[in-house]
Amino acid sequence: MSDRQILPSWKKLQQLALDKKTQHMNTLFANDGERFEKFSIELPNLLLDYSKNLIDCETMDNLLNLAEETEVCQWRTKMFTGEKINRTEERAVLHTALRRKSDEALILDGENITEQVDKQLIKMEAFVNKVRQGHWLGYSGKRITDIVNIGVGGSNLGPQMVTEALKHYSDGAVNVHYVSNVDGAQIVEVLRPLDPQNVLFIVSSKTFTTTETMTNAKTAMKWLTSASFDEKSVAKHFVAVTAHKENAMSLGIEADNIFDMWDWVGGRFSLWSAIGLAIALDLGFDKFKELLDGASDMDQHFINAPLRNNMPVIMALISVWNTTFLGARSQAILPYDQTLHMLSAYLQQAEMESNGKSVTWDGDEVDYATVPSIWGELGINGQHAFYQYLHQSNNVVPADFIGSVESVTPVKGHHETLMANFFAQTQALMAGVNEEQVRADLKAKGRTADYIDKVAPHKVHKGNRPTNTILLKRIDPKTLGSLIAAYEHKIFVQGIILQICSFDQWGVELGKGLAAEIQQELESNTISSKHDCSTASLMKFYQKAK
Ligand code: F6P
């Protein structure tokens, strides 16, 4: 039995879960008209309503006891002060330092990282202004009109998700494009309409060894130099963001064109660093700073708010309750604003790469469910695709519904329709409709008894499906910064409660290593005897067929 399971709160929650599994949220709402007041948190620019979960005051008290008994507050201090809580990589976890408003020194391994961050922000600002104002010129003396960010995982998802989410705020000074897939189809498609004279590439890679990114970067360099006929043009068209400057330089990128990243920033938490350069180029540096400010506000809330009113803590506790205690195995992320269309992909990496693990930080096998699989889509599109499953399958999928009060692109009649669906869905998922109601409704519509008998079971919605509602005032850089930081801290708290080392990602290494070996075999038309017969036969088929 793990350390966690012997905690009094854990044991109590296990008992409560048995009881709650027999209850319906309709009864909880009928018995308590103040659930919204009790189970919601309002911050200046966002509101979390978690009342539509199978919880009551006793459940919440015990979940909060669990947070106390697992020392969430002490771990929070360790993270913010730079203790090496990424144990397996022996690294600090300090993405919060990237958006810290204080000038106070933060010393890590004898270095003041506040100074390092400030230095990079100053370098970013100067660069962003130079490009946006047309003073950074390409090899033929023309201004830069298009930015292509080459990166994958954390070096792509965060920046691209934010670029999409904040499209409305772009003034069009430059056009930003992203290339992440090593399938040549993507880079070819992105580069096809562009003119090499006007394009600036950002090669974003913390390690600067990621094969996909290196392959795309080399292709981009060839594309440029075959137009410029000059290797030196690379200096005018390529910048890099990395924690390994020497690797970027050996690819041919000028030392001055390299922005720093640090090993104390995890890839999936890095959009606040120069990895977010494409965002700053698109929106301007002031808007990028607003994004950082929003995240910083959430950091302060996370540090200072009592656990009971602490948004990221509550989000984590609800997720642990639904997953570890009530047995849900997946969780849907359902944004309703069009511009948040990449949010679920972004959170997939953030949550699953962080907590998708099955040993504790001491290396013991965990004997409880950890993070659910995260998936999702824009809510309206989902309604006409997979919501059938959310409403009536025999698998309960808790969901986060994310919407905004004000539309940034108001079109008469649209936002009310959008939000009517937003509110209707969480109510329907919670309340459902029982057989008696279905029969009464069909009868009122004049249906025959035979028809009612046949159809009624199919129209029953059991309801009792947990949802959180996150309502943003509007999608703007500050609010988005706060939302992303809330999820980051949720992931951290969840990891602490479940004893997961949230900041490593060993699970991606095995496949990477094998791919490198297989690539050599494919290129030399050989097949190693090490492979199982399925893999060997597939490779043989491929080699023969191509
Ligand atoms: O393969 C997963 C991963 O290691 C992520 O953690 C990371 O965000 C991504 O690859 C990209 O890594 P890099 O920024 O070093 O290219």
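Notes on the overall build of the protein
Item 1. Regarding its fold elements, the protein presents 23 helices and 13 strands.
Item 2. Against the compact-globule benchmark of 24 Å for 546 residues, the protein has a radius of gyration of 26 Å, which places it among compact chains.
Item 3. Its C-alpha atoms give the protein principal-axis dimensions of roughly 80 × 60 × 55 Å.
Item 4. In the protein, which comprises 546 residues, the proportion classed as buried is 54%.
Item 5. Residue pairs in contact within the protein that sit at least 24 positions apart in sequence constitute 75% of those at least 6 positions apart.
Item 6. Summed over all atoms, the accessible surface of the protein reaches about 24500 Å², with 51% contributed by carbon and sulfur.
Item 7. The centroid of the 54 positive side-chain charges in the protein is displaced by 4 Å from the centroid of its 67 negative side-chain charges.

A word on the sheet that holds strand β11 (residues 373–376)
Item 1. Spatially, the 6 strands line up as an open sheet ordered β1-β2-β13-β12-β10-β11, and their pairing is mixed. Each edge of the open sheet is held by one strand with a lone partner, namely β1 (40–42) and β11. In this sheet, adjacent strand axes meet at a mean angle of 15° when their direction is disregarded.
Item 2. Sheet topology places β1 next to strand β2 (residues 46–49); 3 bridges connect them, and they run antiparallel. Within β2, the position partnered with I41 by the bridge is L48.
Item 3. Contacts between helix α18 (residues 414–431) and the sheet are confined to β12 (399–404) and β13 (467–472), with β12 contributing the most and set at about 155° to the helix.

Comments concerning the pairing of strand β6 (residues 175–179)
Item 1. Pairing geometry for strand β5 (residues 146–150) and β6, over 5 bridges, is parallel. Bridge pairing in β6 links I147 to V176.
Item 2. Regarding topology, helix α7 (residues 157–165) serves as the crossover connection from β5 to the parallel β6, and that connection is right-handed.

Some words on unusual backbone geometry
Item 1. Unusually for a residue other than glycine, D109 sits at a positive phi of about 50°.
Item 2. Residue position: D109 is located in the loop between β3 (107–108) and β4 (111–112).
Item 3. One non-glycine residue with positive phi stands out, namely F229, at about 55°.
Item 4. Tracing the chain through its elements places F229 in the loop between α9 (211–228) and α10 (234–237).

Here we look at the site of the ligand
Item 1. Of all residues adjacent to the ligand, which total 14 residues, the nearest are S155, S205, T207, T210 and E353.
Item 2. Here an oxygen atom of the ligand and a backbone polar atom of G154 are 2.7 Å apart.
Item 3. One nitrogen or oxygen atom from the side chain of S155 is found 2.7 Å from an oxygen atom belonging to the ligand.
Item 4. For the ligand, whose free accessible area comes to 390 Å², the fraction covered by protein is 87%.
Item 5. Within the shell around the ligand, the residues separate by chemical class into 2 nonpolar, 9 polar and 3 charged.

Focus: the layout of surface pockets
Item 1. Its volume calculated, the largest pocket comes out at about 770 Å³.
Item 2. Counting only elements with at least two residues in the lining of the largest pocket, the list comes to α9, α15 (343–355) and α22 (509–524).
Item 3. Split into classes, the residues belonging to the lining of the largest pocket amount to 11 nonpolar, 17 polar and 9 charged.

What about the packing of helix α14 (residues 311–325) against helix α21 (residues 477–498)?
Two measures define how a pair of helices packs: the angle their axes make with one another and the distance between the axes.
Item 1. The geometry of α14 relative to α21 is characterised by a closest axis approach of 8 Å and an angle of 50° between their N-to-C directions. The orientation of α14 relative to α21 falls into the category oblique. Relative to α21, α14 is oriented so that their crossing is right-handed. Across the interface between the two elements, P312, V313, M315, A316, L317, S319, V320 and T324 from α14 touch A486, Y487, H489, K490, V493, Q494, I497 and L498 from α21.
Item 2. In terms of residue class, the contact of α14 with α21 is made up of 11 nonpolar, 4 polar and 1 charged.

Thresholds applied
- Each chain carries its own residue numbering, running from 1 in the written order of its sequence.
- Where totals are concerned, whole chains, interfaces and linings use all residues; where local detail is concerned, this predicted model gives features only for residues with pLDDT of at least 70, and gives and counts side-chain atom pairs only at 80 or more.
- The side-chain quantities take in all heavy atoms of the structure and omit both hydrogens and water.
- Helix numbers and strand numbers start at the N terminus; a helix is a DSSP run of H or I with at least 4 residues, a strand a run of E with at least 2.
- Restricting the calculation to C-alpha atoms gives the radius of gyration, and the globule rule supplies 2.2 Å times the number of residues raised to the power 0.38.
- Think of it in three bands: with a 1.4 Å probe and only protein chains considered, a residue is buried below 20% of the maximum accessible area for its type, exposed above 50%, and partly exposed in between.
- Residue contacts are defined here by distance: any two heavy atoms, one from each residue, within 4.5 Å place the two residues in contact.
- Each accessible area is a Shrake-Rupley estimate made with a 1.4 Å probe; only the visible protein chains count as cover when residues are assessed.
- Within this scheme the basic residues Lys and Arg register as positive and the acidic residues Asp and Glu register as negative, but His and the chain ends are omitted.
- Positions of charges follow a simple convention, taking NZ of Lys, CZ of Arg, CG of Asp or CD of Glu.
- Only when DSSP finds a minimum of two bridges between them are two strands counted as paired.
- Here, axes are lines fitted to C-alpha atoms. For helices the fit covers the stretch in contact, and angles between N-to-C directions go from 0 to 180 degrees.
- Note on handedness: a crossover is taken as right-handed if, strands pointing away from the viewer, the path from the first strand over the helix to the second is clockwise.
- Each residue is tested against the molecule or strand, and it is near if at least one of its non-hydrogen atoms lies within 4 Å.
- By the criterion applied in these results, polar contacts are pairs of N or O atoms within 3.5 Å in which, for protein atoms, one can donate a hydrogen and the other can accept it, and in which residues neighboring in sequence qualify only through two side-chain atoms.
- Note that Gly is not counted as nonpolar here; it falls among the polar residues with everything else outside the nonpolar set of Ala, Val, Leu, Ile, Met, Phe, Trp, Tyr, Cys and Pro and the charged set of Asp, Glu, Lys and Arg.
- Using only the protein atoms, space was sampled on a 1 Å grid; points where a 1.4 Å probe fits but cannot get out form cavities, open sets with protein on both sides within 12 Å along at least five of seven lines form pockets, and lining residues are those with an atom within 4 Å of a point.
- Grid points are joined across faces, edges and corners, and a volume is the space filled by probe spheres set on the points.
- For this classification, under 35 degrees means roughly parallel, over 145 means roughly antiparallel, 65 to 115 means roughly perpendicular, and everything else is oblique.
- Crossings are classed by handedness, with left-handed meaning an anticlockwise turn of the near helix from the far one by less than a right angle and right-handed meaning a clockwise turn.

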